[in-house]
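Take a look at the letters that make up each chain.
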Amino acid sequence: MIALGCDHGGFDLMQEVKQYLDQKGLEYEDFGCLSNQSVDYPIYARKVAHAILDGRCDKGILICGTGIGISITANKIPGIRAALCTDSFCAEMTRLHNDANILALGGRVVGPGLAIDIVDTFLKTPFSGDERHARRIHLMENEEE
Ligand code: RB5
């Protein structure tokens, strides 16, 4: 299950992402927002982060105008690794190396074609499982022992 969240700056792109997920038969839960009306992105970042931490969803997609505010907010929550990606290479690498659990996109930055390729890459790429990457992920939230 994929948790989705956006603000007004990401709303239009999120409709494209939902259409793509529907076509692929991938299940998602939409935590809003639900229109182009101005809202505060931290609310949606937190909803998606908590859905992942609760185990209700395994990954998330967050979209605001730039992807910056919504990813900064998500990354303040322990256990969340939100990666703001503007290309598919970064989407692949952040899954392989960082085991990112949220993809952040900028609705005013990437066009729909590229965004869908980024989403596809993010969702299909597994974590490499390499010891060095697991160690570095552990060190993100823990002091060196
Ligand atoms: C909203 O205007 C905009 O600030 C927001 O979507 C995002 O880009 C913030 O980082």
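In the block above lies the structure referred to throughout.
Keep in mind that this is a model prediction, so the values were computed, not measured.

**Some words on the site of the ligand**
(1) Moving on: The local shell around the ligand consists of Asp-7, His-8, Tyr-41, Cys-64, Gly-65, Thr-66, Gly-69 and Arg-108.
(2) Moving on: Here an oxygen atom of the ligand and a side-chain polar atom of Asp-7 are 2.6 Å apart.
(3) Moving on: Coverage of the ligand by the protein chains reaches 70% of its 290 Å² of free accessible surface.
(4) Moving on: Residues of the shell around the ligand, tallied by class, amount to two nonpolar, four polar and two charged.

**Digging into the environment of Ala-115**
(1) Moving on: Tracing the chain through its elements places Ala-115 in helix H5 (residues 112-124).
(2) Moving on: Taking the C-alpha atoms as reference points, Ala-115 and Val-17, separated by 98 residues in sequence, lie 7.9 Å from one another.
(3) Moving on: When sequence neighbours within four positions are dropped, the list of residues in contact with Ala-115 reads Leu-13, Leu-105 and Val-110.

**Thoughts on helix H2 (residues 41-53)**
(1) Moving on: The end-to-end C-alpha distance of H2 is 19 Å, a good match for the 18 Å that 13 residues give at a rise of 1.5 Å each.
(2) Moving on: For H2, the complete set of buried residues consists of Tyr-44, Ala-45, Val-48, Ala-49, Ala-51 and Ile-52. Down the axis, H2 shows its buried residues gathered within 160 degrees of arc, on one side only.
(3) Moving on: The secondary structure elements touched by the buried residues of H2 are strand S1 (2-6), strand S3 (59-64), helix H3 (68-75) and strand S5 (102-106).

**Some thoughts on helix H1 (residues 11-24)**
(1) Moving on: Relative to the 20 Å expected for 14 residues at 1.5 Å per residue, H1 spans 20 Å between its end C-alpha atoms, a close match to the ideal helical length.
(2) Moving on: The elements touched by buried residues of H1 are S1, strand S2 (28-30), S3, S5 and H5.
(3) Moving on: Note on H1: the residue one or two positions beyond its end, Gly-25, has a positive phi of about 70 degrees.

**What to know about the pairing of S1**
(1) Moving on: The buried fraction of S1 is high, at five of five residues.
(2) Moving on: The two faces of S1 match: Ile-2, Leu-4 and Cys-6 on one face and Ala-3 and Gly-5 on the other face are all buried.
(3) Moving on: In this sheet, S2 lies alongside S1 in parallel orientation, the contact comprising three bridges. Residue Ala-3 lies in a different strand from S2, and its bridge partner there is Glu-29.

**Focus: the pattern of salt bridges**
(1) Moving on: Considering all chains together, one arrives at eight salt bridges under this definition.
(2) Moving on: A salt bridge links Asp-120 to Lys-24; the nearest nitrogen and oxygen atoms lie 4.0 Å apart. Of the two residues, Asp-120 is situated in helix H5 and Lys-24 in helix H1; the sequence distance between them amounts to 96 residues.
(3) Moving on: Overlapping salt bridges bring together Lys-24, Asp-120 and Lys-124 as one network.

Calculation criteria
Residues numbered from 1 in each chain as written. Predicted model: local features only at pLDDT ≥ 70, side-chain atom pairs only at ≥ 80, totals over all residues. Heavy atoms only, no water. Near = heavy atom within 4 Å. Polar contact = N/O pair within 3.5 Å; in protein donor to acceptor, adjacent residues only side chain to side chain. Areas by Shrake-Rupley, 256 points an atom, 1.4 Å probe, with all protein chains shown as cover. Nonpolar A, V, L, I, M, F, W, Y, C, P; charged D, E, K, R; others polar. Helix = DSSP H or I, 4+ residues; strand = E, 2+ residues; numbered from the N terminus. Contact = heavy atoms within 4.5 Å. Expected span 1.5 Å × (residues − 1). Buried < 20%, exposed > 50% of the residue type's maximum accessible area, 1.4 Å probe, protein only. Arc of directions from axis to C-beta. Pairing = 2+ DSSP bridges. Salt bridge = Lys/Arg side-chain N within 4 Å of Asp/Glu carboxyl O.

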